[in-house]
Amino acid sequence: DSRTRMWSEPLLEATGIEPERLPDLGPAPMPVGTIRPGFAEATGLDPETVVAVGCGDEMAATLGAGVYEPGEVCDVVGTAEPVCAASDEPREDPTRLVECHPHADPDGWLLENPGFVSGGNLRWWRDHFAPVERQAERDGGSDAYEALARDAVQVAPGSDGLVFLPCMQGAMAPEWNGAARGVFYGLSLAHTRPHLTRAVLEGSAYALRDILAAMRGAGLDIRRLTMVGGGAKGVLWRQIKADVTGFPVRVPTSVETTATGAAILAAVATELHPSVAEAAAAFVSYEPEEIQPRPEAGEAYDVAYRRYREVYAALRPVFGR
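Conventions adopted
Residues numbered from 1 in each chain as written. Predicted model: local features only at pLDDT ≥ 70, side-chain atom pairs only at ≥ 80, totals over all residues. Heavy atoms only, no water. Helix = DSSP H or I, 4+ residues; strand = E, 2+ residues; numbered from the N terminus. Rg over C-alpha atoms; globule rule 2.2 N^0.38 Å. Buried < 20%, exposed > 50% of the residue type's maximum accessible area, 1.4 Å probe, protein only. Contact = heavy atoms within 4.5 Å. Areas by Shrake-Rupley, 256 points an atom, 1.4 Å probe, with all protein chains shown as cover. Salt bridge = Lys/Arg side-chain N within 4 Å of Asp/Glu carboxyl O. Core = buried A, V, L, I, M, F, W, Y, C linked by side-chain atoms within 4.5 Å.

**Q** An account of the overall build of the protein chain is needed here, citing residue identities and associated values.
**A** Along its length, the protein chain carries eleven helices and ten strands. What you see for the protein chain is a C-alpha radius of gyration of 21 Å, in line with the 20 Å of a compact globule of 321 residues. With respect to the three principal axes, the spread of C-alpha positions in the protein chain is 70 × 50 × 40 Å. The burial tally for the protein chain puts 49% of its 321 residues in the buried class. Residue pairs in contact within the protein chain that sit at least 24 positions apart in sequence constitute 68% of those at least 6 positions apart. Split by element, the accessible area of the protein chain, about 15,100 Å² in all, is 53% carbon and sulfur.

**Q** Pulling in residues and values, what's your account of the pattern of salt bridges?
**A** Evaluation of the coordinates by the stated rule reveals 19 salt bridges. Across the pair Arg223 and Glu69 runs a salt bridge, and its minimum N-O distance is 3.3 Å. Separated by 154 residues along the polypeptide, Arg223 in the loop between helix 7 (193-217) and strand 9 (224-228) and Glu69 in the loop between helix 3 (57-64) and strand 3 (72-76) bring together distant segments of the chain. For Glu69, a relative accessible area of 38% puts it in the partly exposed group. Here Glu133 makes a salt bridge to Arg193, at a shortest N to O gap of 2.6 Å. With Glu133 in helix 5 (residues 131-138) and Arg193 in helix 7, this pair connects stretches of sequence that are 60 residues apart. Assessed through its relative accessible area of 14%, Glu133 is described here as buried.

**Q** An account of the nonpolar core is needed here, citing residue identities and associated values.
**A** In terms of nonpolar packing, the biggest core is built from 59 residues, with Leu165, Ile211, Leu212 and Met215 touching the most fellow members. Broken down by element, this core gets its largest block of residues, twelve residues, from helix 7. Beyond its immediate sequence surroundings of up to four residues, Met215 is in contact with Val83, Cys84, Ala85, Val98, Leu111, Glu112, Leu220 and Ile222. Counting 13 residues, the second-largest nonpolar core is a separate cluster that includes Leu63, Leu265, Ala279 and Val284.

**Q** Outline unusual backbone geometry, listing residues and values.
**A** In the segment running from Ala173 into Pro174, the intervening peptide bond is cis, with an omega of 5°. A positive phi angle, near 50°, is found at Ser159, a position not held by glycine. As for its position among the elements, Ser159 is in the loop between helix 6 (144-152) and strand 7 (163-165). At Glu271, a residue that is not glycine, the phi angle is positive and equals roughly 65°. As for its placement among the helices and strands, Glu271 is situated in the loop between helix 9 (258-269) and helix 10 (276-283).

**Q** Report on helix 8 (residues 235-245), specifying residues and quantitative values.
**A** Helix 8 sits mainly inside the fold: nine of its eleven residues count as buried. Just past helix 8, the residue Gly246 takes up positive phi, approximately 80°.

Have a look at this one:
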């Protein structure tokens, strides 16, 4: 079976499943038994608690975002930014920027880039270059990220020619290159801190656009983005991603979706819902308005995105590739 399942030793011990039985197990969300009495006593769980085949965290986050229909993309904006797209069949990216994995939904597949540093870049920027905002947050004021975004929203799309390469720990877009490093390019005396803040946000959106292009090159017809994770709380970042990619962006009412995905599988395994689709419909809701791409901003970002790619290409020999 090409659908790989990972089991931890504590889970094997809790269920009593013999390791040699693992190849015979079906795909998620197949129920495989109940917990052992000793495990139930130690944890306080009901001895009849059902254990089911699960999935990896990114698959769970994607399912918990309600992303299981072909062409839907889940953008997981945490410290790193995995990007996962649902597909009805396995696909191959000739550029090798995205991989193909089984989805948590046994009827689907997932095209995935495992993630570049994204929210981690913004946290680095906040931690080292926003001492006033951080102190105000500690004193009970507004969130430091929100304060930075309020300034950055005043800067025009494209940050007046400033480009940030989000390669602080290597690149996962536009190629996999562990030798790449973060870069601010185009600085002039006219640029201010809000310009740099916006450039950091835009750099991650450009990398997302790289990944979406690879998914389309693999034959996937992309329709929409669903943003989850802590970064999805940023209204400015949502709009930038819509404008840069040209796709509408929706956000679940709960952006921490990994546990939701696991709950969806559990609900199907225990027959509370007959299918993954019906369980997802019951568990997942979205904020009322999708963020739509703005044509004028999109035109500015087409120019800025080309500059981003040119900067990366020019620095590739310096990076050692």
